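As a plain string of letters, each chain reads:
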Amino acid sequence: MAPRPKHEHESDEKQPETLDGARKKSQSMAPAVSTAALIEDDPWEMMELQDTGVKWADLDTKKKVLRVFATAAKLIMLVGLLYMFVCSLDILSSAFQLVGGKAAGDIFQENKVLSNPLAGLVIGMLVTLLVQSSSTSSSIVVSMVSSGMLEVATAVPIIMGTNIGTSVTNTLVAITQVGDRNKFRRAFAGATVHDFFNWLSVLVLLPLEVASGYLVKVTSLIVKSFNIQSGENAPALLNVITDPLTHSIIELDESVISGIAVGDPEARNKSLIRVWCQTASNTTLQNVTTTNCTDLCWELKNVTEIINIKKCSHIFVNTTLSDLAVGLILLAGSLLILCTCLICIVKLLNSMLKGQVAVVIKKIVNTDFPFPFAWLTGYIAILVGAGMTFIVQSSSVFTSAITPLVGIGVISIERAYPLSLGSNIGTTTTAILAAMASPGETLGNSLQIALVHLFFNLSGILLWYPIPITRIPIRLAKGLGETTAQYRWFAAFYIIICFFGLPLLVFGLSMAGWQVLVGVLVPIAVILIFAIIVNILQKHKPQWLPSALRSWDFLPLWAHSLDPWDRIVTVIAARCCCCCKCCNSKEEDEKEKLENLANGIEINDNQMTTVEIIEPKKTLDSCEILKATSL
């Protein structure tokens, strides 16, 4: 038994050595700690919506019945919220037309500016932003072409601009998910993939159209080849359901905007709010005084008299408010309802799409066909997007509806992309059917413009979808999603610059003349192209660049990083909050003093002075603390 103590002693001596060795090993394995950041979940990976409730098999009969009723109630609420969402988008479009409809008509009257293709593109975009409806702006263009005020070739850039302007709605919808960083990343990328497709298509196809005129030539050949007769109006599938509610709130006379665009002097003095919903026209042959005669001359002409039969039943039919005031009221109300519906829809979907339901939906929406036919999946999604858009008759409604689904992880970005492309096709089919309802003398031009819109979108799909490497909009949208998730204020900056700032700049330069436009935009375009090429080479082939251009560190930090701008935005936001809190505290102090005086409370002069001195100090101290923390 003698060796036993020796063994214990040896173990006691070896223990510190083992601890020292462990410390040395932990110090030598420092890189393993840094690699933990590499084992992160992919932010674009589909979310797993876990089923936290009790399984169906574990429920008794009573709880199963309750779950069925709860699910049915949620489905009814979801359908109701979707209905209110679509109606609020319709009211939002009417509000924008009331606020900026006449201005849109005035913009279209600038024929000299419209002869510039780039200015025509911007005007189409701005008018669609003003009226929030590509179908309305397209109908204005069709009416101007039919009346002879615009040629088809001049109207092509305007049609391209309407395609860009209609994609701002779902981008605004994505901002409603700004509270959750991951959801906002996916939702904003899912919305802006539509934007990037439209911008890139215009960037390639507008110069090609100006140089060759292929869209005008192809559509002219199609119109002349087929003996197309005038038909019935486009079917109003969704409007049959939404019109009873929207027409009880507001109803517009959209012919006023078209009348202003074609130069009708009477249309300028009319209100966009429709008063008489049922009218009749009576045409009689009358003697009309001519103005070109030196003496009193008479001429027989057909005179059409409009007879009002029945008034509309919406709530603004007898209003004395201006179009602008009614438009602002509807704008505020529709935006409030729109945001509320979206938030409730997202919450309902999160509660419903759990467990097996989420698995089934994800498999249906995101799973590709088996191996030989996997490439067909995206084209089927394009057809689905076109069909759904044809049913709802609005690409904005369809893309805005799938944006929350992308945010919560039910639809992937890769699947949302072909669905958005399909929505572009679907919205043109409605315009084609509407054009076929035109009179025989204007049918050719109306149909040609509608076909230009269709072939423009088809050409864009051929450019940016069939080959996977050419699906650049997906990569650009994901990059923008990463940026907006890190700097969430950048989403508002993107919308203001891309949809308002840049178009207004180009329009202003177009008014000054094409020499000024070229002199300003060409240097900016050259700098942007140079920066893009250098960025690509820095990422893939840095050895091809001079040592100075292998990074942007030679520039000031604010010129190649958003961190300084983020600090500025944070400081401004903190100071605004500080000012609000200071003002609120001062108002509360004044209210307390007035209440004390009203209640007849007598306070000594010394006590009053101490209160008056101490309270401002507290307010100032709190403001200084907030400013210090913001800095």
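All values reported here derive from a predicted model rather than from experimental measurement.

Peer 1: Quick one: what's the story with helix α22 (residues 514-540), residue by residue and with numbers?
Peer 2: For an α-helix, the turn length of 3.6 residues means that residues three or four places apart are oriented alike. Here α22 is 27 residues long and its end C-alpha atoms lie 38 Å apart, about the 39 Å a rise of 1.5 Å per residue gives. Looking at α22, one finds that the buried residues are Leu517, Leu521, Val534, Leu537 and Gln538.

Peer 1: Please set out the state of the cysteines residue by residue, giving values where relevant.
Peer 2: The tally for this structure, following the rule as stated, stands at one disulfide. The disulfide bridge from Cys277 ends at Cys312, spanning 1.8 Å between sulfur atoms. Linking Cys277 and Cys312, the disulfide has an S-S dihedral of approximately 115° and is accordingly described as right-handed. With Cys277 in strand β1 (residues 276-289) and Cys312 in the loop between β2 (298-311) and α14 (323-352), the pair connects residues that are 35 residues apart, well separated along the chain. Relative accessible area serves as the criterion here: at 7%, Cys312 is assigned to the buried category. Cys344 forms no disulfide, and the closest cysteine sulfur to it belongs to Cys341, at a distance of 6.8 Å.

Peer 1: Which residues make up the pattern of salt bridges, and what are the values?
Peer 2: Under the defined criterion, the tally for this structure stands at four salt bridges. Between Glu482 and Arg185 there is a salt bridge whose closest N-O contact spans 3.3 Å. Note that Glu482 is positioned in helix α20 (residues 472-486) and Arg185 in helix α9 (residues 181-212), a separation of 297 residues in sequence. On the accessibility criterion, Arg185 (10% relative accessible area) is buried. Glu251 serves as the salt-bridge partner of Arg274, at 3.7 Å between the closest nitrogen and oxygen. Taken together, the positions of Arg274 in the loop between α13 (265-268) and β1 and Glu251 in the loop between α11 (239-249) and α12 (255-261) put the pair 23 residues apart, joining distant regions of the chain. With relative accessibility at 27%, the residue Arg274 sits in the partly exposed group. Its relative accessible area of 13% is what places Glu251 among the buried residues. What you see here is one network of salt bridges that share partners, running through Glu251, Asp253 and Arg274.

Each value, and the rule that gives it
Residues numbered from 1 in each chain as written. Predicted model: local features only at pLDDT ≥ 70, side-chain atom pairs only at ≥ 80, totals over all residues. Heavy atoms only, no water. Helix = DSSP H or I, 4+ residues; strand = E, 2+ residues; numbered from the N terminus. Expected span 1.5 Å × (residues − 1). Buried < 20%, exposed > 50% of the residue type's maximum accessible area, 1.4 Å probe, protein only. Disulfide = S-S within 2.5 Å. Salt bridge = Lys/Arg side-chain N within 4 Å of Asp/Glu carboxyl O.

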